[in-house]
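Each chain is listed here by its residues.
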Amino acid sequence: MMSLVLVDPRAIQPDPDNVRRDATDDLDGLADSIRQHGVLQPLGVARESGGFRVVYGNRRRAAAIKVGLPEVPCVVVDASPDDRLIHQMLENLQRRDLNDMDKAEGFARLRRNLARQNPDWSERQVDDAIGQAVGFSTATVRRYLGLRDLAPAVRDLITDGSLTVTQAQHLGAVTDPVNQTELAELAVERGLSAAALSRAC
């Protein structure tokens, strides 16, 4: 059940576990848009300790504070903390503004939560449930989860968009992190296709 309310953005607590790691980076463009047009898409908030905490919309909250808005529209999400994470993932996935490593970390959090709630489930059942919750195939969920096992420098290339998930999924076959990183950098430098990178791996 959800209801719409107007809330002072300064009275809304940010989400410390937001799946978007860059939630308050580079707010100038968003702040200018909000200054001109207001907040067009409500924030998602949950009631907490007599106030509110962000479920989704951390950047909109920060930008609204930056431009001095007295209140912002918010959808009150009446859900458990685990269900709030699903709301947060869906909102960001549908808007396509999570980078691929953020998606991977979000899926990992969902996996931990579901595994804790359902200790008798197999790993496949957990991943199936994640896929059903966010509208992705199990194979896609696992492709993203596999990104977390790659070398740090490779993960950085994925984060900044230099390397796609389709390319990066093949790098897991290379166990040595130095070789893995060199192949990833070569793929970026030469613009290798996923198929070419798969052959190289």
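Residues numbered from 1 in each chain as written. Predicted model: local features only at pLDDT ≥ 70, side-chain atom pairs only at ≥ 80, totals over all residues. Heavy atoms only, no water.

Digging into a negative patch on the surface
Logical step 1: A cluster of acidic residues, Asp-176, Glu-182, Glu-185 and Glu-189, forms a negative patch at the surface.
Logical step 2: Along the polypeptide, Glu-185 turns up in helix α9 (residues 177-190). (Patch = residues over 30% accessible without salt bridge, like charges linked within 9 Å, V, L, I, M, F, W, Y side chains within 5 Å. Areas by Shrake-Rupley, 256 points an atom, 1.4 Å probe, with all protein chains shown as cover. Salt bridge = Lys/Arg side-chain N within 4 Å of Asp/Glu carboxyl O. Lys, Arg positive; Asp, Glu negative; His and termini not counted. Charge placed at Lys NZ, Arg CZ, Asp CG, Glu CD. Helix = DSSP H or I, 4+ residues; strand = E, 2+ residues; numbered from the N terminus.)

A few points about the pairing of strand β3 (residues 43-48)
Logical step 1: Sheet topology note: the β3/strand β5 (residues 72-77) ladder contains three bridges and is parallel. Of the residues in β5, the one forming a bridge with Val-45 is Val-76.
Logical step 2: Bridge count for β3 against strand β4 (residues 51-56) is five bridges, and the pairing is antiparallel. By the bridge assignment, Glu-48 is partnered in β4 with Gly-51.
Logical step 3: Hairpin connection, β3 to β4: the antiparallel pair is bridged by two residues, and Ser-49 has positive phi, about 50 degrees. (Pairing = 2+ DSSP bridges.)

Side note on the packing of aromatic side chains
Logical step 1: Scanning the model with the defined rule gives one aromatic pair in all.
Logical step 2: Centroid distance Phe-107 to Tyr-144: 5.7 Å. Interplanar angle 65 degrees. Geometry classified as edge-to-face. Taken together, the positions of Phe-107 in helix α4 (residues 100-117) and Tyr-144 in helix α6 (residues 138-146) put the pair 37 residues apart, joining distant regions of the chain.
Logical step 3: Judged by relative accessible area, which is 0%, Phe-107 ranks as buried. (Phe/Tyr/Trp six-rings, centres within 6.5 Å; stacked < 30°, edge-to-face > 60°. Buried < 20%, exposed > 50% of the residue type's maximum accessible area, 1.4 Å probe, protein only.)

Details of the side chain of Gln-167
Logical step 1: Relative to the helices and strands, Gln-167 resides in helix α8 (residues 165-168).
Logical step 2: The class of Gln-167 is buried, set by a relative accessible area of 10%.
Logical step 3: One polar contact links the side chain of Gln-167 to the main-chain carbonyl oxygen of Leu-192, over a distance of 2.7 Å.
Logical step 4: If sequence neighbours within four positions are ignored, Gln-167 has contacts with Ser-162, Leu-192, Ala-194 and Leu-197. (Polar contact = N/O pair within 3.5 Å; in protein donor to acceptor, adjacent residues only side chain to side chain. Contact = heavy atoms within 4.5 Å.)

A closer look at the pattern of salt bridges
Logical step 1: If you walk through the whole model with that rule in mind, you get nine salt bridges.
Logical step 2: Note that Asp-100 is salt-bridged to Lys-103, the shortest N-O span being 3.8 Å. Of this pair, Asp-100 and Lys-103 are both found in helix α4, three residues apart, which corresponds to roughly one turn of the helix.
Logical step 3: Between Asp-127 and Arg-142 there is a salt bridge whose closest N-O contact spans 2.8 Å. With a gap of 15 residues between them, Asp-127 in helix α5 (residues 123-134) and Arg-142 in helix α6 connect regions that are remote in the sequence.
Logical step 4: Look at Arg-142 and you get partly exposed, because its relative accessible area is 34%.

Quick word on the confidence of the model for the protein chain
Low pLDDT marks stretches whose predicted atomic positions should not be read closely.
Logical step 1: Mean pLDDT over the protein chain: 83, with 84% of residues reaching 70 or higher.
Logical step 2: Mean pLDDT across the elements of the protein chain bottoms out in helix α3 (residues 81-95) (65) and peaks in helix α7 (residues 152-159) (94). (pLDDT = per-residue confidence, 0-100.)

Overview of the nonpolar core
Logical step 1: Counting 30 residues, the largest nonpolar core has Leu-147, Val-154, Ile-158, Leu-163 and Leu-171 as its most contacted members.
Logical step 2: Among the secondary structure elements, those contributing two or more residues to this core are α3, α4, α5, α6, α7, α8 and α9.
Logical step 3: A per-element tally of this core places α4 first, with six residues.
Logical step 4: With near-sequence residues (within four places) excluded, Leu-171 lies in contact with Leu-150, Val-154, Leu-163, Gln-180, Leu-183, Ala-184, Leu-197 and Cys-201.
Logical step 5: Membership of the second largest hydrophobic core comes to 16 residues, among which are Phe-52, Ala-64, Val-72 and Val-76. (Core = buried A, V, L, I, M, F, W, Y, C linked by side-chain atoms within 4.5 Å.)

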